[in-house]
Amino acid sequence: MAEIDRLKNLLSKGIISRREFMVAAAAAGISASSASLIVPSPAYAAPKRGGHFQLGLGAGSTTDSLDPGRYLDIYMQTVGHSLHNFLTEVTEDGELVGELAESWEASSDATEWTFKLRKGVTFHNGKPLEAEDVVASFNHHRGEDSQSAAKGIVDPIKDIRADGKDTVVFTLEAGNADFSYITSDYHLPIMPSKDGKVDATSGVGCGGYVLKKFDPGVETVVERNPDYWKDDRAWFDQITFVAIKDVAARTNALRTGQIHAMDRADLKTINLLERDPSLNILSVTGSQIYTVPMITTAEPFNDNNVRLALKHAVDRQELVDKILQGYGRVGNDQPIGPSYRYHADLPQREYDPEKAKHYLKKAGMDSLTVNLSASDAAFVGAVDAAVLYKEHAAKAGININVVREPSDGYWENVWMKKPWCMCYWSGRATADWMFSIAYAEDANWNDTDWKHDRFNKLLKEARSELDGNKRAEMYAEMQTIVRDEGGVALPVFADYVNAAAKNVATGKIGNNWDMDGLRVAERWWFKDA
Amino acid sequence: MNKVLVMVAQRIALGLLTLFVVSAIIFLAVELLPGDIATEILGQTATPETVAAIRRELGLDQPAYIRYFEWLLGVVQGDFGRSLATDREITELIGARLLNTLFLALVAAAVSVPLAIGLGVMAALYRNSTFDRSVNIFTLSAISMPEFFIAYMLILFFAVRIGWFPSLSKVDLDQPLFDRLYAVALPAVTLTLVIVAHIMRMTRATIINLMSSPFIEMATLKGLPPWRIVVRHALPNAWAPIVNVVVINLAYLISGVVVVEVVFVYPGLGQLMVDSVVKRDLPVVQACSLIFAATYIVLNLTADILSIVSNPRLLHPR
């Protein structure tokens with residue numbers, strides 16, 4: 001391992017970047033996950049309290065609302081996590097811990113879940129946290145007239161009731177061994193209730209920061225909650241969330257010190273940012289995926305051989321290198337990446353034009369012409385990725401017409417409507433959750449219109465199975481089915497790539513969502529505060 | 001003077017009709033866009049039930065023409081309604097944004113209009129000199145570049161390299177005046193560079209045109225110095241075309257600066273309108289477009305009045 005020692009040396013002296021190290025390590029035959037273990041992890045200094053943190057986010061709109069049922073993008077999601085607490089929390093290590101829930105237990109068939117609430121927690125308005133608040137907060141998303149984006153998530157809840165002041169009991173339609181993960185969803189913060197209702201747009205929660213100013217599409221200012229029950233979180237005195245959609249403006253603001261951190265660094269110019277001595281690039285490989293869903297009920301994708309041909313006709317590594325500039329990893333045509341508990345280490349599917357031709361033959365075709373709808377609304381670089389896909393597929397005798405679609409209305413008119421298009425998904429906390437929202441036959445967002453009996457049967461069984469080993473086997477089989485028979489070509493996992501000034505410190509960065517699991521406000525601090 | 005009053009009355013009536021037509025067209029155009037507020041707000045997470053619930057709540061399940069006339073009825077009574085997305089009063093939503101837009105426009109105009117007219121007069125005075133040529137080359141180059149490019153260049157040099165000015169124009173209603181001026185310095189300069197050429201060239205051309213008139217020749221023969229001829233004799237007669245071009249540029253400063261707003265992250269009306277179109281928040285889009293249309297109408301009216309007032313032949317017709 002002399003090569004690795006040499007690289008480590010270069011890295012520690014700052015001669016090569018962390019990314020260059022990873023690339024070189026991969027060239028030396030070391031897998032990405034073990035390479036990241038070799039990189040000397042920085043010793044995390046003790047956090048300091050204080051400072052006014054300015055965070056520039058490439059999202060946010062004048063139409064934003066404080067109602068958690070309406071949180072649409074990273075802007076309101078991070079603001080929401082500064083104001084609110086949830087029943088459970090996914091830690092930076094990917095473990096599930098209680099936040100407002102001190103403990104929980106499930107009945108043996110996983111249909112009844114009992115959460116015990118933490119005592120002595122108060123909301124920003126002084127009201128103590130009680131079981132009624134939890135019930136009302138969940139009911140906000142339930143029912144006929146729900147306008148909440150989380151309705152799909154809470155639909156399986158048959159009943160919620162308070163049992164005393166600090167116990168909440170959920171009854172589910174069917175067993176779900178992962179229900180406690182669902183309660184960590186960003187739509188489901190606990191808000192103070194009055195007469196069984198919550199005032200969802202007040203912004204009052206029991207999080208680490210209190211709302212001072214909310215100017216949608218411009219900025220949101222929050223101040224540290226002096227009564228916050230966690231004493232090892234929420235380090236800043238004040239945070240301003242600035243909405244800066246234009247990535248050049250965001251980068252300039254960071255370089256001129258007007259903001260201290262930003263999300264979604266521009267990958268096209270990432271080399272320049274890496275060289276700026278006053279900045280750190282904070283990237284983390286999560287479960288965010290860029291997908292190319294084929295509608296499996298439409299010609300010619302109704303033939304699995306065609307789907308397999310197309311899955312073999314893309315050079316994944318080139319997409320990682322050219323579209324993601326190395327900030328990502330190749331995908332294996334199924335969404336359950338290494339960050340999931342039940343990830344199965346299946347053999348990697350490679351770019352193989354000959355195999356693609358073979359599957360085309362099996363489908364009874366010599367050549368194939370298909371349209372691929374693309375727009376940068378799906379993800380930044382989606383159109384370029386589609387053009388690269390076209391080049392790769394040409395070698396297998398597949399002619400892809402890249403159809404450039406308007407960004408406006410993309411999710412309404414193209415996604416799930418056109419037979420083949422570009423798409424992205426944020427990962428979910430559990431394999432069951434991911435499969436249930438986008439791969440199950442009755443899922444609202446089954447964007448390939450895919451129905452596979454064995455898969456759907458396994459999905460239901462695994463959900464209520466409490467034995468971890470059995471579950472792992474089931475999920476491994478499901479991942480194989482999705483990879484070999486599913487409708488999604490899944491070429492890459494994309495990193496979350498953010499940048500921050502050198503005086504901003506973080507612990508290990510969570511990868512369940514962007515911005516440190518959306519908890520940037522709680523977890524980051526100033527070194528020099 | 002009577003003629004002016006009649007004209008103003010006519011124009012106001014015509015203007016109201018224009019506003020009505022504009023509002024109908026905008027409403028129709030936004031209706032034709034695919035999707036509505038329910039699908040846009042929920043985005044990828046939309047389900048048929050939640051979309052239906054939002055439509056029911058906001059009354060979007062009613063036919064378009066009924067919604068349009070309900071909206072119109074409200075506006076006639078001075079009620080612009082509430083934003084569909086945030087349920088905030090539109091007047092409150094737009095108020096601060098409009099003030100920001102007007103402030104930036106005012107600063108840009110206060111710099112660019114005197115500068116452009118001054119340069120135009122000087123260029124006319126020293127026609128074909130090196131000064132004239134360099135002013136022409138400079139202003140024409142500035143106008144030929146897209147405004148976002150000028151903006152990025154200014155940011156690169158004055159914010160990133162030298163660090164004199166901020167790259168984000170954060171303004172606030174309770175900021176002291178000097179801080180606000182400092183915050184909008186770069187966007188104001190960008191806008192100045194964009195509009196100076198237009199006004200300057202018009203001033204120069206009009207004055208040069210007038211310089212061949214008999215009364216200027218007379219003034220020259222009287223032995224007046226050239227600057228006096230231009231300022232006292234030529235300029236007053238050149239006001240009409242200059243005012244028109246100034247007004248068109250002022251209207252642009254108010255309604256057409258969304259690109260500059262995006263680059264400098266300036267919270268103006270343009271950004272509000274773009275956000276609202278994206279989310280199909282119709283009442284806000286309507287209110288913004290009415291403001292923009294009214295700006296054009298009022299400013300054009302002002303230009304016409306000014307050109308009549310500045311021209312005795314039009315003011316006292318025989």
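Everything numeric here is computed off the predicted structure, so don't read it as measured data.

Comments concerning the overall build of chain A
- Scanning chain A from terminus to terminus reveals 19 helices and 23 strands.
- Seen through its C-alpha atoms, chain A measures out along the principal axes to roughly 70 × 55 × 45 Å.
- Burial statistics for chain A: of 529 residues in total, 58% are counted as buried.
- Averaging the positions of the 60 positive and the 76 negative side-chain charges in chain A gives two centres separated by 3 Å.

Remarks on the pairing of strand β20 (residues 488-494) of chain A
Residues and elements named next belong to chain A.
- When you tally the buried positions in β20, you get seven out of seven residues, the bulk of the element.
- In terms of strand pairing, strand β15 (residues 289-293) meets β20 through four bridges, oriented antiparallel. Within the sheet, the bridge partner assigned to P293 lies in β20 and is V488.
- In this sheet, β20 lies alongside strand β16 (residues 328-330) in antiparallel orientation, the contact comprising three bridges. The residue of β20 that forms the bridge with G328 is A494.

What about the packing of helix α7 (residues 147-161) of chain B against helix α9 (residues 185-211) of chain B?
All names here are of chain B.
- Running from N to C, α7 and α9 cross one another at 135°; their axes reach a closest spacing of 9 Å. Relative to α9, α7 is oriented oblique. Crossing handedness for the pair α7 and α9: right-handed. On α9, the residues that touch E147, I150, A151, L154, I155, F158 and A159 of α7 are L186, V189, T190, L193 and V194.

So, the UniProt feature "domain: Solute-binding protein family" (unreviewed entry) in chain A
- The sites that carry the UniProt feature "domain: Solute-binding protein family" (unreviewed entry) are, in the present numbering, residues 95-445 of chain A.
- Counted over residues 95-445 of chain A, helix gives 24% and strand 24%. Its end C-alpha atoms are 27 Å apart.

Considerations on the sheet that holds strand β11 (residues 219-224) of chain A
Residues and elements named next belong to chain A.
- Judged by pairing direction, the sheet is mixed, and its seven strands sit side by side in the order β10-β11-β12-β1-β13-β21-β14 without closing on themselves. Among the strands making up the open sheet, the edge pair consists of β10 (209-215) and β14 (279-284).
- Judged from the six bridges that link them, strand β1 (residues 52-57) and strand β12 (residues 238-243) form a sheet pairing that is parallel. Note that in β12 the partner of H52 across the bridge is Q238.
- Sitting on the sheet, helix α4 (residues 74-83) is in contact with β1, β10, β11 and β12, with an inclination near 165° to β12.

Section: the packing of helix α13 (residues 269-278) of chain B against helix α14 (residues 282-309) of chain B
Residue and element names in this part refer to chain B.
- Viewed as axis vectors pointing N to C, α13 and α14 meet at an angle of 145°, and their least axial separation amounts to 9 Å. For the pair α13 and α14, the sense of crossing is left-handed. Two secondary-structure elements touch here, α13 through L269, G270, L272, M273, S276 and V277 and α14 through V284, V285, C288, S289, I291 and F292.
- The residue inventory of the contact of α13 with α14, partitioned by class, reads nine nonpolar, three polar and no charged.

A look at the nonpolar core
All names here are of chain A.
- In terms of nonpolar packing, the biggest core is built from 117 residues, with L87, F138, F170, Y389, I398, W420 and M422 touching the most fellow members.
- Sort the elements by how many residues they give to this core and helix α13 (residues 382-394) lands first, with seven residues.
- Setting aside anything within four residues of it in sequence, one finds Y389 in contact with V292, L310, K311, A313, V314, L372, I400, W420 and A489.

Here we look at the sheet that holds β20 of chain A
All names here are of chain A.
- Ordered in space as β16-β20-β15-β19, the four strands form an open sheet in which the pairing is antiparallel. Since the sheet does not close on itself, it has two edges, and those belong to β16 and β19 (423-425), each with one partner. Across this sheet, the average inter-strand angle for adjacent strands is 30°, counted without regard to direction.

Overview of the UniProt feature "transmembrane region" (unreviewed entry) in chain B
All names here are of chain B.
- When the UniProt feature table is mapped onto this chain, "transmembrane region" (unreviewed entry) is found at residues 12-30, 102-125, 137-160, 180-200, 242-264 and 284-309.
- What you have in residues 137-160 is 92% helix and 0% strand, and the ends, taken at the C-alpha atoms, are 27 Å apart.
- Between the C-alpha atoms that bound residues 180-200 the distance is 27 Å, and the span itself is 95% helix and 0% strand.

Comments concerning empty space enclosed by the protein
Residues and elements named next belong to chain A.
- Enumeration according to the criterion identifies four cavities of 30 Å³ or more in this entry.
- Approximately 110 Å³ is the volume attributed to the largest cavity.
- In this structure, the largest cavity is lined by 13 residues; those nearest its centre are H81, V90, S184, N512 and W513.
- If one sorts the elements of the lining of the largest cavity by residue count, strand β2 (residues 88-90) sits on top with three residues.
- Of the residues contributing to the lining of the largest cavity, the split by class is five nonpolar, five polar and three charged.

Comments concerning the domain arrangement of chain A
Residue and element names in this part refer to chain A.
- Domain annotation for chain A reports domain 1 (2-38), domain 2 (85-198), domain 3 (209-280 + 497-526) and domain 4 (289-494).
- Here the C-alpha centroids of domain 2 and domain 4 sit 33 Å apart.
- Between domain 2 and domain 4, the contact holds 13 residues from the first and eleven residues from the second.
- Summed over the three residues of domain 2 that lose the most area to domain 4, namely A177, D178 and Y181, the buried surface amounts to 45% of that side.
- Here domain 2 and domain 4 share two salt bridges between them.
- In this structure, the salt-bridge partner of R341 is D178, at a minimum N-O distance of 3.3 Å.
- For the side of domain 2 that touches domain 4, the per-class residue count stands at six nonpolar, four polar and three charged.

Some details on helix α1 (residues 2-32) of chain B
- The end-to-end C-alpha distance of α1 of chain B, which contains 31 residues, comes to 45 Å, matching closely the 45 Å that a straight helix rising 1.5 Å per residue would cover.
- Tucked inside the fold, the buried residues of α1 of chain B contact α4 (64-76), α14 and α15 (312-315) of chain B.

Structural notes on the packing of aromatic side chains
- Counting across every chain of the model gives 27 aromatic pairs over all chains.
- Geometrically, the ring pair formed by W113 of chain A and F115 of chain A is stacked, given 6.5 Å between the ring centres and 25° between the ring planes. An identical accessibility class is assigned to W113 of chain A and F115 of chain A; each is buried.
- Lying over the aromatic face of F103 of chain B, R180 of chain B brings its terminal NZ or CZ to 4.3 Å of the ring centre.

Each value, and the rule that gives it
Residues numbered from 1 in each chain as written. Chains lettered and ligands numbered in written order. Predicted model: local features only at pLDDT ≥ 70, side-chain atom pairs only at ≥ 80, totals over all residues. Heavy atoms only, no water. Helix = DSSP H or I, 4+ residues; strand = E, 2+ residues; numbered from the N terminus. Buried < 20%, exposed > 50% of the residue type's maximum accessible area, 1.4 Å probe, protein only. Lys, Arg positive; Asp, Glu negative; His and termini not counted. Charge placed at Lys NZ, Arg CZ, Asp CG, Glu CD. Pairing = 2+ DSSP bridges. Axes fitted to C-alpha atoms, helices over the stretch in contact; angles between N-to-C directions. Parallel < 35°, antiparallel > 145°, perpendicular 65-115°, else oblique. Left-handed = near helix turned anticlockwise from the far one by under 90°. Contact = heavy atoms within 4.5 Å. UniProt positions renumbered as here; feature names shortened; annotations may be inferred. Nonpolar A, V, L, I, M, F, W, Y, C, P; charged D, E, K, R; others polar. Core = buried A, V, L, I, M, F, W, Y, C linked by side-chain atoms within 4.5 Å. 1 Å grid on protein atoms, 1.4 Å probe; cavity = no way out; pocket = protein on both sides within 12 Å on 5 of 7 lines; lining within 4 Å. Points joined across faces, edges and corners; volume = space filled by probe spheres on them. Domains from an automatic or database assignment. Buried area = accessible area lost by both parts, 1.4 Å probe. Salt bridge = Lys/Arg side-chain N within 4 Å of Asp/Glu carboxyl O. Expected span 1.5 Å × (residues − 1). Phe/Tyr/Trp six-rings, centres within 6.5 Å; stacked < 30°, edge-to-face > 60°. Lys NZ or Arg CZ within 6 Å of the ring centre and 35° of its normal.

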